[in-house]
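Understanding the architecture of this molecule
Below are the chains, spelled out letter by letter.
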Amino acid sequence: MSNPEYDAVVVGAGPNGLAAAIELQQAGLAVLLLEGSQQLGGGLRTTELTLPGFRHDVCSAIHPLAASSPFFQTLPLDRYGLEYITPAVAAAHPFDDGTAAAVLNSLPDTARRLGPDARAYRRLLEPLVAAWPGLANDVLGPLQLPRHPLDMARFGLAALQPATWLTKRFQTKEARALFAGMAAHAIQPLSNLTTSAIGLVLLTAAHRRGWPLPKGGSQAIADALVAHFRALGGRIETGTYVRSLSQLPAARAVLLDVTPAQLLQIAGHSLSTVYQWQLRRYRYGMGVFKVDWALDGPIPFTAEECRAAGTVHLGGTLEEIAAGEAAAARGSHPARPFVLLAQQSLFDATRAPAGKHTAWAYCHVPNGSAVDMTAAIEQQVERFAPGFRDRIIGRHTFNPRQLEAYNPNYVGGDINGGLLDVTQLFTRPALRASPYRTSRPGLYLCSSATPPGGGVHGMCGYHAARQALHDVFHLTASPLYQPQG
């Protein structure tokens, strides 16, 4: 390839594609970023889904990992208007008796509220919270020699456990359910190995930087990343849906923010037989059914903690949550699904007209499901907030098939880019020396189908870009990541 117009082309302008493009551009390369949609951001989009003046986060909403991302923290995103709002109550978990457990930004205050489990909670979380600055890049990255082996070993011993095992450390229903709600973000049965990992990461993030939401909506994160990329001299083209590598301009490196299903479509003919075989064996996880509401007032939760929380986990006890997640994984639709709910307008007046509110929620369902879960989700909210339905003045829903049509990376409604179980945690999407390399030289995968997986943190894109810089451009790594040789 002689005198290519660009050094690198990145396909897909979600958080990982944007992170990859920024890292490459910061290294002094000429980078083109292509996006199939007219709107940039992928899972970071905000729009009026229900009624005029009600701004809803289309996909992601609350951003503990964005705020604590080792890569995003190196970028001057506040220069481009990004402002985080951090509720004092990161997450609340109500019960049928009108009480609620809660994760506060303060670890000691959270532990104190857990009564008999205060000591067990502090013993579990305090070492991780203290060690997180040194652990973050190892946890949010590929399998490699850890920089802090003892801290990583402590995290790993707990993280490898199924959530149903780790919760045996706790005596009370409050502590057990609180951790179960955190672990359920893994979108798999809580009896699976490594389901404790996401719970530990989310709790650690809460006690370091809270669970913030971006003022104006999640689109604000994408807008800041886009503005920074352009300020560095990067070029963006929207409305360019890539179906084949032949569509791309000449470049020394190509990075795809897609999952294995799209990678096979775009580049399958040029990939090795073994690599194609591995990609076809890649497994996607449960889908999500999502509801956005325009409300005539705030959600009337019975528990005070829920009325002050940015995020509310609706699912009752550990046993109920575990049963619901296991049922969805088996292909059923639980009558009482575990519901993740965000109420951004309580803290951000830009989300709704004066005196009105928005709310955002989803539950886990079988991959590709077309079953309408609106009634089941609203019943779970009503269960802990009597009178909720009377406040609904507008509603918008997404089932898994509609989510995939909206964003092809959400295969079957899987928002994690593939099942994040123990067999695909570090080997996603294939068992290779570097998970970001494909079998074709110069072609890389930078999506959530690579480590560390789903979430708005940009680390998949960052690591893929560093691997490409090492392999193709022979540039040394930054301190965040050491590429594979």
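As a convention, each chain's residues are numbered from 1 in the sequence order in which they are written. In view of the model being predicted, local features appear only for residues whose pLDDT reaches at least 70, and side-chain atom pairs are presented and counted only at 80 or more, with totals across whole chains, interfaces and linings using the full set of residues. Computation of side-chain values covers all heavy atoms of the structure but excludes hydrogens and water.

Let us now look at the packing of aromatic side chains. Given two aromatic rings, one states the distance between the centres and the angle between the planes to describe the pair. Note on ring pairs: Phe, Tyr and Trp rings are taken, using the six-membered ring of Trp, and paired if centres are within 6.5 Å. Classes follow the plane angle, with under 30 degrees stacked, over 60 edge-to-face and the rest tilted. Inspection of the entire model under this criterion finds six aromatic pairs. A centroid spacing of 6.3 Å and a plane angle of 45° characterise the contact between Phe71 and Phe72, whose relative ring orientation is tilted. Each residue gets one of three labels from its accessible area relative to the maximum for its type: buried under 20%, exposed over 50%, partly exposed in between, using a 1.4 Å probe on protein chains only. On the accessibility criterion, Phe71 (1% relative accessible area) is buried. Residues Trp360 and Tyr362 carry aromatic rings whose centres are separated by 5.4 Å and whose planes lie at 85° to one another, so their mutual orientation is edge-to-face. Accessibility classification places Trp360 together with Tyr362 in one group, the buried group. Linked through ring pairs, Phe71, Phe72 and Tyr462 together constitute an aromatic cluster.

Moving on to the domain arrangement of the protein chain. Start and end positions for the domains come from either an automated domain assignment or a database one. Entries for the protein chain in the domain assignment read domain 1 (6-82 + 214-284 + 411-473) and domain 2 (86-210 + 286-406). Domain 1 and domain 2 are separated by 25 Å when their C-alpha centres are compared. Contacts between the two partners involve 45 residues from domain 1, matched on the other side by 53 residues from domain 2. Contact between domain 1 and domain 2 buries roughly 3800 Å² in total, counting both sides, with carbon and sulfur atoms accounting for 64%. Its largest share of buried area at the contact with domain 2, domain 1 owes to Phe54, Gly412 and Phe426, together 15% of the area lost on that side. Any Lys or Arg side-chain nitrogen found within 4 Å of a carboxyl oxygen on Asp or Glu counts as a salt bridge. Here domain 1 is connected to domain 2 by one salt bridge. The criterion used for residue contact is that any of the two residues' heavy atoms lie within 4.5 Å. The term buried area means the drop in 1.4 Å probe accessible area that two parts suffer when joined, counted for both and summed.

Another point: the sheet that holds strand 16 (residues 443-445). In short, DSSP must find at least two bridges between two strands for them to pair. Counting from the N terminus, the helices are DSSP H or I runs at least four residues long and the strands are E runs at least two residues long. Strand order across the open sheet formed by five strands is 9-2-1-10-16, with parallel pairing between neighbours. If you trace the sheet from one side to the other, it starts and ends with strand 9 (235-237) and strand 16, each paired once. The mean inter-strand angle of the sheet, taken between neighbouring strand axes irrespective of direction, is 20°. As paired strands, strand 2 (residues 31-34) and strand 9 are joined by three bridges and run parallel to one another. Looking at strand 9, one finds that Leu33 is bridged to Ile236. Angular values range over 0 to 180 degrees, each being the angle between N-to-C directions of two axes fitted as lines to C-alpha atoms, with helices fitted over their stretch in contact.

Proximity of charged atoms lets side chains of opposite charge pair with each other. All chains considered together, the criterion is met by 20 salt bridges. Of the charged contacts in the structure, one is a salt bridge between Arg383 and Asp96, with a shortest N-O distance of 2.7 Å. Placement of the pair is Arg383 in helix 14 (residues 374-384) and Asp96 in the loop between strand 6 (89-94) and strand 7 (100-104), with a sequence separation of 287 residues. Residue classification places Asp96 among the exposed residues on the basis of a relative accessible area of 54%. A salt bridge links Glu126 to Arg122; the shortest N-O distance between them is 2.6 Å. In this pair, Glu126 and Arg122 are both assigned in helix 4 (residues 118-139), four residues apart and thus about one turn of the helix distant. Judged by relative accessible area, which is 32%, Glu126 ranks as partly exposed. A relative accessible area of 32% places Arg122 in the partly exposed class. Members of the salt-bridge network, linked through shared partners, are Asp96, Glu320, Arg336 and Arg383.

This brings us to the nonpolar core. Ranked by internal contacts, the top residues of the largest apolar core, which has 105 residues, are Leu24, Tyr121, Phe155, Leu190 and Leu255. The element that contributes the greatest number of residues to this core is helix 4, accounting for eleven residues. Looking at which domains feed residues into this core, each of domain 1 (6-82 + 214-284 + 411-473) and domain 2 (86-210 + 286-406) supplies at least three. Formed by 30 residues, the second largest nonpolar core is a distinct cluster that contains Ala92, Ala102, Val365 and Ala385. Only buried residues count toward a nonpolar core, which is a set of Ala, Val, Leu, Ile, Met, Phe, Trp, Tyr and Cys residues joined through side-chain atoms within 4.5 Å.

Time to look at the environment of Leu193. Positionally, Leu193 belongs in the loop between helix 7 (173-183) and helix 8 (195-209). In contact with Leu193, other than residues within four places in its own chain, are Leu160, Pro162, Gln188 and Val422.

Turning our attention to the pairing of strand 11 (residues 287-295). Counted residue by residue, strand 11 has nine buried out of nine residues, so it is predominantly covered. When strand 11 meets strand 14 (residues 357-365), the two strands line up antiparallel, connected through nine bridges. Note on strand 14: the bridge partner recorded for Leu295 is His357. Pairing of strand 11 with strand 15 (residues 392-398) involves six bridges; the strand directions are antiparallel. Residue Lys290 lies in a different strand from strand 15, and its bridge partner there is Phe398.

Look at the link from Arg428 to Pro429: it is a cis peptide, with omega at 0°. Along the chain, the position of Pro429 falls in the loop between helix 15 (400-406) and strand 16. Along the chain, Pro451 connects to Pro452 via a cis peptide bond; the corresponding omega equals 10°. Structurally, Pro452 can be placed in the loop between strand 16 and helix 16 (459-471).

UniProt positions are given in the numbering used here, feature names are shortened, and annotations may be inferred rather than shown by experiment. UniProt records the feature "domain: Amine oxidase" (unreviewed entry) at residues 17-256, using the numbering of this structure. When the span residues 17-256 is considered, its composition is 41% helix and 13% strand, and the gap between its end C-alpha atoms is 7 Å.

Every helix has an expected span of 1.5 Å times one less than the residues it contains. Between its terminal C-alpha atoms helix 16 stretches 18 Å, which fits the 18 Å expected from 13 residues at 1.5 Å a residue. For helix 16, a buried count of eleven out of 13 residues is recorded, marking the element as mostly surrounded by other parts of the structure. Within helix 16, the full set of buried residues consists of Met459, Cys460, Gly461, Tyr462, His463, Ala464, Ala465, Arg466, Gln467, Ala468 and Leu469. Buried residues along helix 16 sit against helix 1 (15-26), helix 4, strand 10 (251-256) and strand 16.

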